[in-house]
Amino acid sequence: MLKDIQEVLFDEKKIDQIVTKMGRQIADDYRGKELLLVGILKGANVFMADLMRKINIPVKLDFMAVSSYGMSTESSGVVRILKDLDHSVEDKHILIVEDIVDTGLTLHYLMDNLKSRGAISIAACTLLDKPERRKVDVDIHYSGTEIPDVFIVGYGIDYGEKYRNLPYIAALKPEVYVK
Ligand code: IMP
């Protein structure tokens, strides 16, 4: 696995600093409100686990799974729900928790989809943001850090289901995915 890594972009300490800051800000903004964190599987799984422990107000959790790139590094633009929420979002404040916003197509679809379900408010939070790659405008309320147009793995994020268990965020060597 390590031979496929080009460069570590964020180590565990740096990730912790970013996530801690995001958690504090979210807690400040939602204090006194009923907050539902909606994690987008599978990529946001590790981020969600860390982020929720940095939010020191009561929160509830739910998850959605949407179609990913599969074995590709390009978004198809077609978003499919593989697993829907378990609970109703009516009368709740929703915060979507994403790993990366790239073209923005997935988040755009999710915001639209959840808006129709009667939540009081919907906002989005992402650990990583690749603004150069954006195809549609999306409002990101909490963004951990911007990254350039490189394909990354680790900290829950995969390529072809591999590398999710790396504790850091790293750029993958292009020869691994450019055939
Ligand atoms: P978007 O719809 O193009 O914004 O893509 C969002 C999803 O694509 C993310 O939630 C990730 O699952 C995946 N993705 C985007 N960039 C990368 C990357 O660099 N490595 C791995 N997955 C990525």
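Residues numbered from 1 in each chain as written. Predicted model: local features only at pLDDT ≥ 70, side-chain atom pairs only at ≥ 80, totals over all residues. Heavy atoms only, no water.

Participant: A description of the site of the ligand should follow, citing residues and the corresponding values.
Facilitator: Lining the immediate surroundings of the ligand are 17 residues, of which Asp99, Thr103, Thr106, Lys130 and Ile152 lie closest. In the model, an oxygen atom of the ligand is placed 3.4 Å from a nitrogen or oxygen of the Ile100 main chain. Asp102 places a polar main-chain atom, nitrogen or oxygen, 2.8 Å from an oxygen atom of the ligand. Contact with the protein chains removes 93% of the 490 Å² of surface that the ligand exposes when unbound. Broken down by secondary-structure element, the contributors of at least two residues to the shell around the ligand are strand S5 (93-101) and helix H3 (105-115). (Near = heavy atom within 4 Å. Polar contact = N/O pair within 3.5 Å; in protein donor to acceptor, adjacent residues only side chain to side chain. Areas by Shrake-Rupley, 256 points an atom, 1.4 Å probe, with all protein chains shown as cover. Helix = DSSP H or I, 4+ residues; strand = E, 2+ residues; numbered from the N terminus.)

Participant: Account for the sheet that holds strand S9 (residues 169-172), naming residues and giving values.
Facilitator: With antiparallel pairing, three strands are arranged side by side in an open sheet as S1-S9-S8. Edge strands, defined here as strands with exactly one partner in the open sheet, are strand S1 (5-10) and strand S8 (152-153). (Pairing = 2+ DSSP bridges.)

Participant: Give me the lowdown on the packing of aromatic side chains, citing residues and values where you can.
Facilitator: The geometry of an aromatic ring pair is captured by two quantities: the separation of the ring centres and the angle between the planes. Counting across every chain of the model gives three aromatic pairs. Ring centres of Phe151 and Tyr177 lie 5.3 Å apart, and the angle between their planes is 50°; on these two criteria the pair is classed as tilted. Of this pair, Phe151 sits in the loop between strand S7 (142-146) and S8 while Tyr177 sits in helix H4 (residues 174-177); the two residues are 26 residues apart in sequence, bridging distant segments of the chain. We classify Phe151 as buried; its relative accessible area is 12%. (Phe/Tyr/Trp six-rings, centres within 6.5 Å; stacked < 30°, edge-to-face > 60°. Buried < 20%, exposed > 50% of the residue type's maximum accessible area, 1.4 Å probe, protein only.)

Participant: I'd love a proper account of the pattern of salt bridges, names of residues and values included.
Facilitator: Under the counting rule described, the total for this entry stands at 14 salt bridges. Across the pair Lys54 and Asp16 runs a salt bridge, and its minimum N-O distance is 3.3 Å. With a gap of 38 residues between them, Lys54 in the loop between helix H2 (45-52) and strand S3 (59-66) and Asp16 in helix H1 (residues 12-30) connect regions that are remote in the sequence. Overall, the relative accessible area of 30% leaves Lys54 in the partly exposed class. Between Arg164 and Glu161 there is a salt bridge, with the nearest N and O atoms lying 3.0 Å from each other. For Glu161, a relative accessible area of 43% puts it in the partly exposed group. Salt bridges sharing partners connect three or more residues here, namely Lys42, Asp158, Glu161 and Arg164. (Salt bridge = Lys/Arg side-chain N within 4 Å of Asp/Glu carboxyl O.)

Participant: Report on the environment of Gly118, specifying residues and quantitative values.
Facilitator: With respect to the helices and strands, Gly118 occurs in the loop between H3 and strand S6 (121-129). Its relative accessible area of 37% is what places Gly118 among the partly exposed residues. Setting aside chain neighbours within four positions, we find Gly118 in contact with Val89, Glu90 and Asp91. (Contact = heavy atoms within 4.5 Å.)

Participant: Break down the nonpolar core for me, with residues and values.
Facilitator: Within the largest apolar cluster, 28 residues are counted, with the highest numbers of intra-cluster contacts made by Ile26, Phe47, Leu51, Leu95, Cys125 and Leu128. Put simply, the parts of the chain that give this core at least two residues each are H1, strand S2 (35-41), H2, S5 and S6. With seven residues, H1 is the largest single contributor of residues to this core. Setting aside chain neighbours within four positions, we find Leu95 in contact with Ile26, Tyr30, Leu35, Leu36, Leu37, Val38, Ala123, Ala124, Cys125 and Tyr142. Listed in part, the 18 residues of the second largest apolar core include Leu85, Leu107, Leu114 and Val138. (Core = buried A, V, L, I, M, F, W, Y, C linked by side-chain atoms within 4.5 Å.)

Participant: Any chance you could break down the sheet that holds S6 for me, citing the residues and the numbers?
Facilitator: The strand order across the open sheet built from six strands is S4-S3-S2-S5-S6-S7, with neighbouring strands paired in mixed fashion. Of all the strands in the sheet, the pair left with one neighbour each is strand S4 (81-83) and S7. Taken over all neighbouring pairs, the strand axes of this sheet differ in orientation by 30° on average, direction set aside. Looking at chain direction, S2 and S3 are connected through seven bridges and run parallel. If you follow Leu35 over to S3, its bridge partner there is Val59. (Axes fitted to C-alpha atoms, helices over the stretch in contact; angles between N-to-C directions.)

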